[in-house]
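Here are the chains, one letter per residue:
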Amino acid sequence: ILSIAIALLLISIYLFIPNRIHISEDAEVPASRDALLRKLGDDSCWYKWWPDKKAADSGTGIFSLNDVQYKIADKKTLSLSLNVSNKDLNILTDLTFIAENTENTTISFNEIIPTSYNPVKRIQRFLIANKIKKGVPQLLQSIKSYHSNTFSLYGYDIQKKLVVDSTLLSTAKEIKGYPSTAIVYSLIDELKNYIQQQAATETGYPMLNIFTKDSITYLVKVAIPVNKKLSSSGNISYRWMLGGGNILITEVKGDNKEIQKAYTQIQHYISDYKRIAPAIPFESLVTDRRKQPDSSQWVTKIYYPVM
């Protein structure tokens, strides 16, 4: 009877547990492929979205889910190689990123796990494969939920809006060395004085653009939106911003280093979503920097025209 029972058990193991167990899961994420690859390729950020927060160890780069460990093994052009392991299994598999279009990406996990002709190992492989099969949908859904907004992808709330018609008064000055707050506001004051002389009204915050080719000579441009068209006078000139086009907007709190970080992420956004910049970006100085000496408290809005 014992021999028959053992024989039936062995037959069941080989009959119901296949030689290879196929695990295939997909998730479509409303984000650029390049943005997702760049963000997910940095395992120091995985703890922010990992399904099991208690098992997310950003220090070692090893993350656990259902008693299975995941770790980035390699970063490829269109995929991430993952080392998936536990005490009974160690495999190398790919998390593949498929661009459906510039704004949607399918992340695919597709792996075949071989079992064994050894009945004990066959059962072990079957159990661990089931843990992986249970965990992968959780992992992909967590990636999708967390990365479906620009703040998670870029660290800033980058919004795409339409340009509103604006009447501007502007001036510019070329100087040696990076412009100080005093220099910037001396140009702004010139515009404010002229606006008052012409009995016009400011309709928005001062706008700033600083450009350099060699980090020696800087061209400082400032502008102020006004309620009516004004005649040009000397270095002060009339400008008109045509409405209807697309513009990226984000708000930054901090000094010029923080502003430059935001510019870098906006440029990533432009590259990721295949946009073109038809005009120069500018900063809207929400905080009067002369009245607020603590640069960490400066609030600045960045406006970046795109096509």
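All residue numbers refer to positions counted from 1 along the written sequence of the respective chain. Local features in a predicted model are, by the rule used here, given only for residues with pLDDT of at least 70; side-chain atom pairs are given and counted only at 80 or more, and totals for whole chains, interfaces and linings are based on all residues. To obtain the side-chain values, all non-hydrogen atoms of the structure were used and water was disregarded.

## Let's talk about the overall build of the chain
Rule in force here: Numbering of helices and strands starts at the N terminus; helices are DSSP runs of H or I of at least 4 residues and strands are runs of E of at least 2. For this measure, only C-alpha atoms enter the radius of gyration; the expected value for a globule follows 2.2 Å times N^0.38, where N is the number of residues. Burial here depends on accessible area, computed with a 1.4 Å probe over protein chains only, as a share of the maximum for the residue type. Under 20% is buried, over 50% is exposed, and the range in between is partly exposed. Note on contacts: a residue pair qualifies if any of its non-hydrogen atoms lie within 4.5 Å across the two residues. For the area figures, the Shrake-Rupley method with a 1.4 Å probe applies, and any residue is considered shielded solely by the protein chains shown.
Tallying secondary structure elements over the chain gives six helices and 15 strands in all. By the compact-globule yardstick of 19 Å for 307 residues, the chain is too spread out, its C-alpha radius of gyration being 29 Å. Across its three principal directions, the C-alpha atoms of the chain cover 110 × 35 × 30 Å. Out of the 307 residues in the chain, the part that is buried amounts to 41%. Expressed as a percentage of contacts within the chain between residues at least 6 apart in sequence, the contacts between residues at least 24 apart total 68%. Just so you have it, the chain exposes about 16,600 Å², and 53% of that area is on carbon and sulfur atoms.

## Some words on the pairing of strand β15 (residues 299-306)
The side chains of a regular strand alternate, first on one face of the sheet and then on the other. Put simply, the rule reads: Paired strands are those between which DSSP finds at least two bridges.
As paired strands, strand β13 (residues 246-253) and β15 are joined by eight bridges and run antiparallel to one another. If you follow Val252 over to β15, its bridge partner there is Thr300. Taken together, the four bridges between strand β14 (residues 282-285) and β15 define a ladder with antiparallel strand orientation. Of the residues in β15, the one forming a bridge with Ser284 is Lys301.

## Some details on helix α5 (residues 181-197)
Put simply, the rule is: The length a helix should cover is 1.5 Å for every residue beyond the first.
Counted at 1.5 Å a residue, the expected span for α5 with its 17 residues is 24 Å, and the 24 Å between its end C-alpha atoms agrees. Those residues of α5 that fall on the buried side of the exposure criterion are Val184, Tyr185, Leu187, Ile188, Leu191, Tyr194 and Ile195. Next to the buried residues of α5 lie β9 (166-176), β10 (207-212), β11 (217-226) and β14. Following α5 by one or two positions, Ala199 has its phi on the positive side, about 55 degrees.

## Here's the deal with the side chain of Thr300
Heads up, the rule is: Polar contact is the term for a pair of N or O atoms within 3.5 Å; when the atoms are in protein, one must be able to donate a hydrogen and the other to accept it, and sequence-neighboring residues count only if both atoms are side-chain atoms.
Along the chain, Thr300 turns up in strand β15. Given the relative accessible area of 0%, Thr300 is considered buried. Among the polar contacts listed, one links the side chain of Thr300 to the side chain of Arg289, at a separation of 3.0 Å. Sequence-distant contacts of Thr300, that is, excluding residues within four places in its chain, are made with Thr250, Glu251, Val252, Ile259, Glu283, Ser284, Leu285 and Arg289.

## Examining the sheet that holds strand β12 (residues 237-241)
For clarity, the cut-off: Throughout, an axis means a line fitted to C-alpha atoms (over the contacting stretch in the case of helices), and angles, computed between N-to-C directions, take values from 0 to 180 degrees.
One open sheet accounts for eight strands, arranged β8-β13-β15-β14-β10-β11-β9-β12; its pairing is antiparallel. For this open sheet the edge positions go to β8 (159-162) and β12, each flanked by a neighbour on one side alone. Between one strand axis and the next, the sheet turns by 35 degrees as a mean value, whatever way the strands run. Sitting on the sheet, α5 is in contact with β9, β10, β11 and β14, with an inclination near 30 degrees to β11. Contacts from helix α6 (residues 256-272) reach β13, β14 and β15 within the one sheet, and its direction differs from that of β15 by about 25 degrees.

## Structural notes on the packing of aromatic side chains
Note the cut-off: Aromatic contacts are taken between Phe, Tyr and Trp rings whose centres are within 6.5 Å, Trp giving its six-membered ring; a plane angle under 30 degrees counts as stacked, one over 60 as edge-to-face, and the others as tilted.
In this structure the tally under the stated criterion is eleven aromatic pairs. When the ring of Tyr269 is compared with that of Tyr273, the centres are 4.6 Å apart and the planes differ by 40 degrees; the resulting orientation is tilted. Tyr273 shares its class with Tyr269; the two are buried. Each member of the aromatic cluster is reached from another via a ring pair, and the members are Trp46, Trp49, Trp50, Phe63 and Tyr70.

## Remarks on helix α2 (residues 33-40)
Residues of α2 that are buried: Ala35, Leu36, Leu37, Lys39 and Leu40. Sitting at the head of α2, Ser32 places a side-chain oxygen 3.2 Å from the backbone nitrogen of Asp34.

## Details of the layout of surface pockets
Picture a little ball the size of a water molecule; that probe, rolled over the atoms, points out where space is still empty. Keep this limit in mind: For cavity detection a 1 Å grid was placed over the protein atoms alone, and a set of points counts as a cavity when a 1.4 Å probe fits there but cannot get out; an open set counts as a pocket when protein lies on both sides within 12 Å along at least five of seven lines, with lining residues being those that have an atom within 4 Å of a point. Grid points are joined across faces, edges and corners, and a volume is the space filled by probe spheres set on the points. Each residue receives one of three labels: charged for Asp, Glu, Lys and Arg, nonpolar for Ala, Val, Leu, Ile, Met, Phe, Trp, Tyr, Cys and Pro, and polar for the others, Gly being one of them.
Of the volumes computed, that of the largest pocket is approximately 530 Å³. Together, 27 residues line the largest pocket, and Leu168, Met207, Met241, Ile280 and Phe282 are the ones closest to its centre. Secondary structure elements with two or more residues in the lining of the largest pocket: β9, β10, β11, β12, β13 and β15. In the lining of the largest pocket, the residues fall into 18 nonpolar, seven polar and two charged. In this structure, the second largest pocket spans a volume of roughly 460 Å³. Residue lining of the second largest pocket: 22 residues in total, with Ile249, Phe282, Ser284, Lys301 and Tyr303 positioned closest to the centre. At the level of elements, β8, β9, β13, β14 and β15 are the ones that each hand at least two residues to the lining of the second largest pocket. Take the lining of the second largest pocket: its biggest share by element is four residues, from β13.

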